[in-house]
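Topology and contacts: notes
The chain contents come next:
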Amino acid sequence: MNKELIIRSSSEAVDFALLKDGKLIELHKEEGGDEKAGFSVGDIFIAKIRKPVPGLNAAFVNVGFEKDAFLHYHDLGPNLSSMIKFIKLVSAGKIKDFTLKNFPFEPEIDKDGAISDVLSANQSILVQVVKEPISTKGPRISSELSLAGRYVVLVPFSDRVSVSQKIDSKEEKDRLKRLVQSIKPKGFGVIVRTVAEGKKVAELDRDLQNLIDKWSAMCKRIPTAHHPSKILGEVNKASSILRDVFNDTFTGIHVDDEDLYYQTKDYLQEIAPSKVNIVKHYQSKELPLFEKYHIERQIKTSFGKTVSMSKGAYLIIEHTEALHVIDVNSGNRSNKATNQEDTALEVNMIAAAEIARQLRLRDMGGIIVVDFIDMQNPENRKTLYDFLKEEMSDDKAKHKILPPSKFGLIQITRQRVRPEVNIKTREEDPNENGEIEAPILIVDKIAADLERIIKDHKKVVLNAHPFVAAYLTKGFPSLRSKWFFEHKKWVKIIPRDAYTYLEYHFFDKEGTEIK
């Protein structure tokens, strides 16, 4: 498995595409100047409570966004009183040592208490964004702060040490817990991340020290900070993506901007010095970076309502107010198959891999219901369920997958912390008013139809709009040549001026249209 990160920069935004074996699996955008762009998951603000709302057991907090942020009682953290006292003393200049080793903690708050007992209007509080502003809602925030590093997460005003559940070995979990207990500063809790598996104490200690320095630098800003204001921003998007997903399977990081290239290289020097040479500065003026890695094409073919897959199968993805619905279709294959159950399993497995990719790519969250093709055999249903779990295992968003229901539906819940990636793939129709699918999709449709019909016909003639005909026949090797190598039959292509832009028809040697 090869992973590559492609970073494209423009004056308005930076785009990040994560590829796995050449296939686009994640797409992120870091925009400048957009108000919502100032509220990334992980940012820490000093803010004031606008008003506690006892009916919701939550408070609305002014963090400088047009809509107040929402802080629920369960997101306050047990040591809220200690944190509020700490902010008061730091703001008044009475604490100069921010390490918490000599700071006396207050009693923990009642985990089933009421918001009005612990918070009041105009109170100063440190909060962290846990969910970006989505649609008409303001950010969701927590006052249980955490600073994420490469191997560990630092949790101020806590004493707990916990180890990622994704580390399977009990011996390794115990080793990491012992190590961290020995280097953990007083007053801070630590969560050990999955990538810490097998790491030495020196690497964990260095990461921990960086986070403590970050915490101290943030605390220094509190006395002079306006309310509300951001006092600790997440690292830039390139670094945060690398921090969270980088591992030994990465084979290339390609950047088309010189400053970003050096920033990325410097960050990689910190976290994985042996991999620095995989960062490359892409400088070609002829072919844009996203075109070179076929990302633009994948965006156009991956974000529509219909998603094509191999062997003629396809997905229909619908979004409703309450949930997302995904329907799996076998296309034109089912009537040709000798064994319907085997076909259903084959199509469902292809669909499961594509669904895992689509959830990450679009960052779909909430409840997702998938209608797979019905299978009678319980073994096959289990095989599909296990395969879907495996495919989603490296999705870093928290998710839960339920076994197939009696109707063959699989339900998935997936955490959503930022707005869903929604890219318009339909374009203006050049023939008349209205919209058409992106022209690149037509090539995939033609190839899928050809695969379906060519086995049963000795000679196939394709009639298409001159633009499409030219696209299929130009260059070497042309798409038509590739079809020849794949199917061992030459397809004659005739340009037809009378056709609309995306119209095409197949004919046999007698001139009869093949449906």
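Residues numbered from 1 in each chain as written. Predicted model: local features only at pLDDT ≥ 70, side-chain atom pairs only at ≥ 80, totals over all residues. Heavy atoms only, no water.

Time to look at the pattern of salt bridges. All chains considered together, the criterion is met by 24 salt bridges. Across the pair E26 and K396 runs a salt bridge, and its minimum N-O distance is 3.6 Å. Within this pair, whereas E26 is found in strand 3 (residues 23-31), its partner K396 is found in the loop between helix 10 (378-391) and strand 20 (399-401), the two being separated by 370 residues in sequence. Of the residues examined, E26 reaches a relative accessible area of 5% and is grouped as buried. With a relative accessible area of 43%, K396 lands in the partly exposed category. (Salt bridge = Lys/Arg side-chain N within 4 Å of Asp/Glu carboxyl O. Helix = DSSP H or I, 4+ residues; strand = E, 2+ residues; numbered from the N terminus. Buried < 20%, exposed > 50% of the residue type's maximum accessible area, 1.4 Å probe, protein only.)

If you trace the four strands from one edge of the open sheet to the other, you get 25-24-26-27, paired in mixed fashion. Edge strands, defined here as strands with exactly one partner in the open sheet, are strand 25 (491-495) and strand 27 (513-514). Sheet analysis places strand 24 (residues 460-464) next to strand 25, joined by five bridges and oriented parallel. Bridge pairing links A464 to P495 in strand 25. Of the strands in this sheet, strand 24, strand 25, strand 26 (504-507) and strand 27 are in contact with helix 11 (residues 440-453), which crosses strand 26 at around 20°. Against the sheet, helix 12 (residues 466-473) engages strand 24 and strand 25, with an angle of about 145° to strand 25. (Pairing = 2+ DSSP bridges. Contact = heavy atoms within 4.5 Å. Axes fitted to C-alpha atoms, helices over the stretch in contact; angles between N-to-C directions.)

Quick look at the pairing of strand 5 (residues 58-62) now. For strand 4 (residues 44-53) and strand 5, the ladder comprises five bridges, and the chain directions are antiparallel. Bridging across to strand 5, K51 finds its partner in F60. Here strand 4 folds back onto strand 5, and the loop between the two strands holds four residues, one of which, N57, carries a positive phi near 50°. Bridge analysis of strand 5 against strand 6 (residues 69-72) gives four bridges, and the strand direction is antiparallel. Bridging from a neighbouring strand, A58 pairs with H72 of strand 6. Where strand 5 folds back onto strand 6 in an antiparallel hairpin, the turn is made up of six residues, including G64, whose phi is positive at roughly 95°.

Turning our attention to the sheet that holds strand 20. The six strands are arranged 16-17-18-19-21-20 in an open sheet whose pairing can be described as mixed. On the outer flanks of this sheet lie strand 16 (306-308) and strand 20, each paired with one strand and no other. On average, adjacent strands in this sheet sit at an angle of 20° to one another, irrespective of strand direction. Where strand 17 (residues 314-319) meets strand 18 (residues 323-329), six bridges bridge the pair, whose relative direction is antiparallel. Pairing of I317 across the sheet is with I326, part of strand 18.

For the rest of this paragraph, the subject is the nonpolar core. As a rule of thumb, soluble globular proteins bury nonpolar side chains together. The biggest cluster of nonpolar side chains holds 59 residues, and the ones touching the most others in it are V63, L71, F86, L119, L126 and W215. For this core, the element with the highest residue contribution is helix 4 (residues 201-221), accounting for seven residues. Setting aside residues no more than four positions away along its own chain, L126 makes contact with I44, F45, I46, M83, I87, S142, S143, L145, M218, I222 and I231. Membership of the second largest hydrophobic core comes to 27 residues, among which are L359, M375, L384 and M392. (Core = buried A, V, L, I, M, F, W, Y, C linked by side-chain atoms within 4.5 Å.)

This paragraph deals with the side chain of N380. Along the chain, the position of N380 falls in helix 10. According to the relative accessible area criterion, N380 is buried, its value standing at 11%. Within polar-contact distance, the side chain of N380 engages the side chain of E341 at 3.0 Å. Beyond its immediate chain neighbours, meaning those up to four positions away, N380 contacts E341, L345 and M375. (Polar contact = N/O pair within 3.5 Å; in protein donor to acceptor, adjacent residues only side chain to side chain.)

With that out of the way, let us pick up unusual backbone geometry. Cis rather than trans, the peptide bond between H227 and P228 has omega equal to -5°. Positive phi outside glycine occurs at N57, with the angle close to 50°. Its location among the elements puts N57 in the loop between strand 4 and strand 5. In this structure, F157 takes a positive phi of about 60° despite not being glycine. If you trace the backbone, F157 turns up in the loop between strand 10 (152-156) and strand 11 (161-163). By relative accessible area, which is 7% here, F157 ends up buried.

Inspection of the entire model under this criterion finds 14 aromatic pairs. Centroid distance F86 to F103: 5.5 Å. Interplanar angle 85°. Geometry classified as edge-to-face. Of this pair, F86 sits in helix 1 (residues 80-91) while F103 sits in the loop between helix 1 and helix 2 (115-118), placing them 17 residues apart in sequence. An identical accessibility class is assigned to F86 and F103; each is buried. Each ring, one from F157 and one from W215, has its centre 5.9 Å from the other, and the planes form 80°; the classification is edge-to-face. (Phe/Tyr/Trp six-rings, centres within 6.5 Å; stacked < 30°, edge-to-face > 60°.)

Here helix 3 (residues 170-183) crosses helix 4 at 50°, and the two axes come no closer than 10 Å. Comparing their axes, helix 4 and helix 3 come out oblique. Judged by the sense of rotation from one axis to the other, the crossing of helix 3 with helix 4 is right-handed. Residues L176, L179, V180 and I183 of helix 3 pack against V201, L204, D205 and L208 of helix 4. (Parallel < 35°, antiparallel > 145°, perpendicular 65-115°, else oblique. Left-handed = near helix turned anticlockwise from the far one by under 90°.)

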